[in-house]
Amino acid sequence: MKNVFTFNIDVLGSCNLSCPSCPVGNLKSVKNPKGFMSPELLDKILHKAVNECSISTVGLFNWTEPLLHPQISELVRIVNSYNVPCFLSSNLNILKNPEEILRANPHSFRISVSGYNQAVYSINHRGGNIEKVKENMIALAKAKSTTDSNTEIHVLYHRYLGNLDDEILMKTFTNNLGFNFLPVWAFMMPPEKILAYVDDDYKEEVLTEEDLQVINRLALPLKEALEAVQVYKNQDCRLRAREMTLDFMGNVQLCCGVYDSQKYTLKPFLEATVEELQDMKYKHNLCTKCMDKACHVYGVYGGSGELDQIAMDNLTMYYSQHLFGDNLW
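Just so we're clear, the structure is a prediction, and the values are computed from it rather than from any experiment.

Glancing now at the pattern of salt bridges. Using the criterion set out here, one finds 12 salt bridges in the structure. Salt bridges sharing partners connect three or more residues here, namely Lys193, Glu205 and Asp211.

Structural data, given as structure tokens:
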């Protein structure tokens, strides 16, 4: 029986935003290669993949903005030609030819936001313009209507301390367009930043003052979350076992969480079997460090509901203090 994988494929090497909770924004010293994946390379990758494993979904994104790719619609059509669901995820600060994208018929189109008003949104989506995002959401809704596409479109709302009022406004706006709405607890990435925060012996990455500010804004507090899921640290890592992450050149990365391609590139996908690549993953020393601190559980919202409860308790305390002051009790 073939192993089943989700494929995360960065089809280009850049993003138009520089968000502080994302390595694109918080690992500025890392200079990954820039460029675009050709449709021919994507086709070769998928042809090899379907012969070596089963593919559950293909996401044409990981750390980058797929709508910057001038041939994104063609890439979606290539994925669809293999009868595999194709996923897109965008900050939607740019949207060219929405009708063409939806005619290509991706299975799912995600829009990531963290606010409804610019003052809130710009804190965590640095460099973005929420008014442009809303304009593009309206254009996307019109394109869906005119193309009769069956693409599922949803907004992924990143919850931080202080942006829940905006969540209500964005949910209403989203639902009025006929899109789905999914709130999630924002978290800090990449895992090297998490390890620098919780492991005194980890010296490979340094936290900046801005990193600490981001961590303090998390609705799901980082330290408490990792402590809560420590009991699950011996579980295998879903990202390692069931996902395959590639950059725009077709190089396999250790997982979708890491960013520095100089450190975490394994091999070109076309030059190694899936079994060889999995063996390389399971022998990598970063996995040992990451799993020892249960970062692999935190990164997929694992556990049995503990993380939701911790976040809700934290939000209750935060809003109680901001609305009523420290003398509430």
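What follows concerns the packing of aromatic side chains. A ring pair, where both rings are aromatic, is described by two values, the distance of the centres and the angle of the planes. In the structure shown here, the tally under the stated rule is seven aromatic pairs. Between Phe7 and Phe269 the ring centres are 5.7 Å apart and the planes differ by 85°, which places this aromatic pair in the edge-to-face class. With Phe7 in strand 1 (residues 4–9) and Phe269 in the loop between strand 9 (265–268) and helix 13 (274–282), this pair connects stretches of sequence that are 262 residues apart. Each member of the pair, Phe7 as well as Phe269, carries the same accessibility label: buried. Among the aromatic side chains, those forming a connected cluster through ring pairs are Phe187, Tyr298 and Tyr301. Over the ring of Tyr116 we find Lys134, and its NZ or CZ is 3.5 Å from the ring centre. Positioned above the aromatic ring of Tyr282 is the side chain of Arg240, whose terminal nitrogen or guanidinium carbon lies 3.8 Å from the ring centre.

Moving on: the layout of surface pockets. As a volume, the second largest pocket reaches approximately 370 Å³. Lining the second largest pocket are 27 residues, with Gly13, Asn32, Lys34, Thr64 and Tyr259 sitting closest to its centre.

Moving on, we get to the sheet that holds strand 2 (residues 54–59). Here nine strands make up an open sheet; going across it, the order is 6-5-4-3-2-1-7-8-9 and the pairing mixed. Among the strands making up the open sheet, the edge pair consists of strand 6 (180–185) and strand 9. The average angle at which neighbouring strand axes cross in this sheet is 30°, direction not considered. Pairing of strand 2 with strand 3 (residues 86–90), which is carried by two bridges, proceeds in the parallel orientation. The residue bridging Val58 from the neighbouring strand is Cys86, located in strand 3. This element, helix 6 (residues 130–147), spans strand 4 (108–113) and strand 5 (152–159) of the sheet and lies at about 165° to strand 4.

Here we take up the packing of helix 2 (residues 39–52) against helix 3 (residues 72–81). Packing of helix 2 against helix 3 leaves a shortest axis separation of 10 Å and a crossing angle of 20°. By the angle between their axes, helix 2 is roughly parallel relative to helix 3. In this structure, the crossing between helix 2 and helix 3 has a hand that is right-handed. Residue-level contacts link Pro39, Leu42, Asp43 and Leu46 of helix 2 to Glu74, Leu75, Ile78 and Val79 of helix 3.

What counts and what doesn't
Within each chain, residue numbers correspond to sequence positions counted from 1 in written order. Note on the predicted model: pLDDT of at least 70 is required for a residue's local features to be given, and 80 or more for side-chain atom pairs to be given and counted; whole-chain, interface and lining totals, by contrast, use all residues. Side-chain descriptors were evaluated using all non-hydrogen atoms of the structure, hydrogens and water having been removed beforehand. Any Lys or Arg side-chain nitrogen located within 4 Å of an Asp or Glu carboxyl oxygen qualifies as a salt bridge. Pairing of aromatic rings covers Phe, Tyr and the six-membered ring of Trp, with a centre-to-centre limit of 6.5 Å; geometry is then stacked below 30 degrees between planes, edge-to-face above 60, and tilted otherwise. Put simply, DSSP marks the helices as runs of H or I at least four residues long and the strands as runs of E at least two long, and each gets a number from the N terminus on. Burial classification: accessible surface area is computed with a 1.4 Å probe over protein chains only, and a residue below 20% of its type maximum counts as buried, one above 50% as exposed, and the rest as partly exposed. Criterion for a charge above a ring: Lys NZ or Arg CZ within 6 Å of the ring centre, and within 35 degrees of the ring normal. In this analysis the probe radius is 1.4 Å and the grid spacing 1 Å, with only protein atoms considered; a cavity is a set of points the probe fits into but cannot get out of, a pocket is an open set with protein on both sides within 12 Å along at least five of seven lines, and lining residues have an atom within 4 Å of a point. Grid points are joined across faces, edges and corners, and a volume is the space filled by probe spheres set on the points. At least two DSSP bridges between two strands are needed for those strands to be called paired. Angular values range over 0 to 180 degrees, each being the angle between N-to-C directions of two axes fitted as lines to C-alpha atoms, with helices fitted over their stretch in contact. We call two residues in contact when some of their heavy atoms are within 4.5 Å. Put simply, angles under 35 degrees are roughly parallel, angles over 145 are roughly antiparallel, angles from 65 to 115 are roughly perpendicular, and the rest are oblique. In this scheme the handedness of a crossing depends on how the near helix is turned from the far one: anticlockwise by less than a right angle means left-handed, clockwise means right-handed.

Coordinates in, geometry out; function isn't part of it.
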